[in-house]
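The lines below spell out each chain.
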There are 2 protein chains.
Amino acid sequence: MALVVQKYGGSSVADASRIKRVAQRIVATKKAGNDVVVIVSAMGDTTDELLDLAQQVSPLPPGRELDMLLTSGERISMALLAMAIANLGHEARSFTGSQAGVITDSSHGRARIIDVTPGRIREALDGGQIAIVAGFQGVSQDTKDITTLGRGGSDTTAVALAAALSADVCEIYTDVDGIFTADPRIVPTARQIPKISYEEMMEMAACGAKILHLRCVEYARRFGLPIHVRSSFSTKEGTWVVFAPDSEGIEMEQPIISGVAHDRSEAKITVVGVPDKVGEAATIFKTLADAEVNIDMIVQNVSAATTGRTDISFTLPTTDGSTALTSLKRIQERIGFESLLFDDQIGKVSLIGAGMRSHPGVTATFFAALADAGVNIEMISTSEIRISVIVGQDEVDTAVNAAHRAFDLDADQVEAVIYGGTGR
Amino acid sequence: MALVVQKYGGSSVADASRIKRVAQRIVATKKAGNDVVVIVSAMGDTTDELLDLAQQVSPLPPGRELDMLLTSGERISMALLAMAIANLGHEARSFTGSQAGVITDSSHGRARIIDVTPGRIREALDGGQIAIVAGFQGVSQDTKDITTLGRGGSDTTAVALAAALSADVCEIYTDVDGIFTADPRIVPTARQIPKISYEEMMEMAACGAKILHLRCVEYARRFGLPIHVRSSFSTKEGTWVVFAPDSEGIEMEQPIISGVAHDRSEAKITVVGVPDKVGEAATIFKTLADAEVNIDMIVQNVSAATTGRTDISFTLPTTDGSTALTSLKRIQERIGFESLLFDDQIGKVSLIGAGMRSHPGVTATFFAALADAGVNIEMISTSEIRISVIVGQDEVDTAVNAAHRAFDLDADQVEAVIYGGTGR
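Remember, it's a predicted structure, so these values are computed and weren't measured experimentally.

**Observations regarding the packing of helix α4 (residues 72-87) of chain A against helix α2 (residues 46-57) of chain B**
Across the interface, α4 of chain A lies against α2 of chain B with an axial gap of 9 Å and an inter-helix angle of 30°. Relative to α2 of chain B, the element α4 of chain A is oriented roughly parallel. Both α4 of chain A and α2 of chain B take part in a crossing whose hand is right-handed. Along its contact with α4 of chain A, which presents I76, L80, M83, A84 and N87 of chain A, the element α2 of chain B presents L50, L53, A54 and V57 of chain B. The residue inventory of the contact of α4 of chain A with α2 of chain B, partitioned by class, reads eight nonpolar, one polar and no charged.

**Observations concerning the pattern of salt bridges**
Counting across every chain of the model gives 38 salt bridges over all chains. Ionic pairing is found between K348 of chain B and E266 of chain B, a salt bridge with its closest N-O pair at 4.0 Å. Placement of the pair is K348 of chain B in strand β18 (residues 346-352) and E266 of chain B in strand β14 (residues 266-275), with a sequence separation of 82 residues. Grouping residues by exposure puts K348 of chain B and E266 of chain B together as buried. One network of salt bridges, with partners in common, ties together R64, E65 and D145 of chain A together with R93 and R120 of chain B.

**Digging into the confidence of the model for chain A**
Residues and elements named next belong to chain A. Summing up the model confidence of chain A, the mean pLDDT is 89 and the portion of residues at 70 or higher is 93%. Predicted confidence is poor over residues 247-253, with pLDDT under 50, and the contacts of this stretch with residues over four places away or in other chains come to 14 contacts. Low pLDDT (under 50) marks residues 413-424, which in the prediction has 39 contacts with non-local residues, meaning those over four places away or in another chain. Predicted complex metrics record ipTM = 0.77 and pTM = 0.81.

**As for the sheet that holds strand β13 (residues 259-263) of chain B**
Residues and elements named next belong to chain B. Here four strands make up an open sheet; going across it, the order is β13-β18-β20-β19 and the pairing antiparallel. This sheet does not close on itself; its edge strands, each paired only once, are β13 and β19 (379-383). The average undirected angle you get between the axes of adjacent strands in this sheet is 20°. Judged from the five bridges that link them, β19 and strand β20 (residues 386-392) form a sheet pairing that is antiparallel. Among the inter-strand pairings, T382 is bridged to a residue of β20, identified as I387. Helix α13 (residues 362-372) contacts β18, β19 and β20 of the sheet and is inclined by roughly 20° relative to β20.

Scoring rules and cut-offs
- Residues numbered from 1 in each chain as written.
- Chains lettered and ligands numbered in written order.
- Predicted model: local features only at pLDDT ≥ 70, side-chain atom pairs only at ≥ 80, totals over all residues.
- Heavy atoms only, no water.
- Axes fitted to C-alpha atoms, helices over the stretch in contact; angles between N-to-C directions.
- Helix = DSSP H or I, 4+ residues; strand = E, 2+ residues; numbered from the N terminus.
- Parallel < 35°, antiparallel > 145°, perpendicular 65-115°, else oblique.
- Left-handed = near helix turned anticlockwise from the far one by under 90°.
- Contact = heavy atoms within 4.5 Å.
- Nonpolar A, V, L, I, M, F, W, Y, C, P; charged D, E, K, R; others polar.
- Salt bridge = Lys/Arg side-chain N within 4 Å of Asp/Glu carboxyl O.
- Buried < 20%, exposed > 50% of the residue type's maximum accessible area, 1.4 Å probe, protein only.
- pLDDT = per-residue confidence, 0-100.
- Pairing = 2+ DSSP bridges.

In structure tokens form, the structure reads like this:
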């Protein structure tokens, strides 16, 4: 008997009929002889509706109360799902994050899991019951207050519980067939990837592939927990996220490049004319860190010898733009830089593949493909298994297609075309 | 410094603007130098909407899951109320029933409070915070599952917490000015009652006055906790529910009759031709008790000597009608009764007053008033401080007015006329 942890997102449980369909899938898994733990998000737009209510009552609601409010969303979906399963003749019990033993720190709205003590879940499983657990929420170790985990929270709950229960697999259900070599809406010939390593998946997630959140992949990797990303609309095999062959010996067809990810949610800020003195860059990024701005890529040009000044460019989520500009203007006099440029018409295109470690020509091929397609590169950043470039936002599609073609990622079959892609 | 417990019902927090208004009233109470604990119900129609969702998913949802679902309602309203208070510059913290220490038995949907351990509420008060508590909910002592208290649950939470915290008063906010001598929609001259004893209030509640639930008055009486029923739309004094003068010596103007209550929610079942043998009535009411039917009044006619058979009539909530009829039909052969009659076109009119103990003429005056008004009495039931009669449903208004007039309950001022009444 295997222990299967399944996670269903908000769109999978958006209304009563979808909840009933999910219940059937859960019962089928149980009937196949597995113990089943299900993590569920809030129904459809519930979270947005609750946020809207909060805004009507207070322009700046306290984090503790916002978490108390938002966690009612999963409470509703998990209770309804348990009822639907009961209606199919199987016993199900729903548990809040607190009841499931998801212990977090006290950072409301973006709490981190510090322990998982799933005693009640284990009891339910031992009693032959299906356990339904609220995703996205936990309870603070210090204050015993209800917390939420922030973006990607339900996936993280699923992986954390699966790890604590030593589950055989954590299945993440979504509305596409798995992870694709590129967003099929941009690259019609994109292929579904049958297996991918944690490392590559982390790079994909960090570079704009939105199906799995970076944080949940990190967690799964730490515990060696296999993730199976699959569609809640079919029974097809999806994408397995596992260790790369060299670390665990799993048979894995290892192409040079796994996929091409893209991200249109970032903007670029250039700090123009920074005096070329020791510590100026440190002051700039310390200021941004204090303002809780998340920086992605950073480029510093070589300073012009004649002026003794340099330009520093970085990318960040567009939503953090005004916060960043405001905090930088406050230190303009102290640093003595000349001006700030803000550009939100950019896009990031990333090539990801563990195989590029041993293939030194990848960068050259990638840049040549972009050049042939007439795409201008504004910034470059690389890791062991990733190359990212910043291009104009209206050139993202062209760049993704050129890279996909250059590395022979196109599908043999055309069926993959009908599905949505990794860039949602 | 006094400790004030306030309870606001669903209509008082039905939308964002009403929540903000309630927040202002709470802050005013705090600013007046009081410690404040607030019990809140779910917003407006939330509970009905959740029940509707449950019905879409399962025709017979498990009680545990239904409670998990329904308790999300207060979670939403209490978090929003805490935010609205924070927005007025005061610190508020919301607590679920479980966090507030409302410990119950495991009867989902109608749990009874067995202990209240309000350590976290006390801590919040000591920290100068306003505590907002979810009404209607608790946590089971045995299973640690979330429970709901059933009808009148939020009032009961308020009184139970107020008692556990030794509060000075429990204020129940509603949309009328207090308890009236009769429903002003039926008796335009009905007066608001400034003070009423627990005993009379219990009889009023049991006889159809819906502002306070019987259960919460019982609880308040046990702990000697004063209840103040008042309007959330004005700052007028409402109705105080306290000990009668003879038990506690409180100065109380004691009229013979406090008020006239009525109830149109009951039906009457007559079991026709029951063999007049020992134990037949016991079997009938044991059967009804097993089916969890709540019986109110019971009348057994003297058996006709010639037939050796008798008729037994009783009243019950109309909603329990079909359950009662089904379970009685199942024992028809065993008991040997002839037939069952069901009448849902009845109404109950009750005269309540501690003063009637020492005024033997009350019954005669009441019956004479009904007779003069042409109202036919179908059943009669009495207690020390109450006389109830069953009449035709279309004669309820006439009967209430006749009784109100006969005992000189009419108001001196006409202002009370504009408010809704005790019979909502």
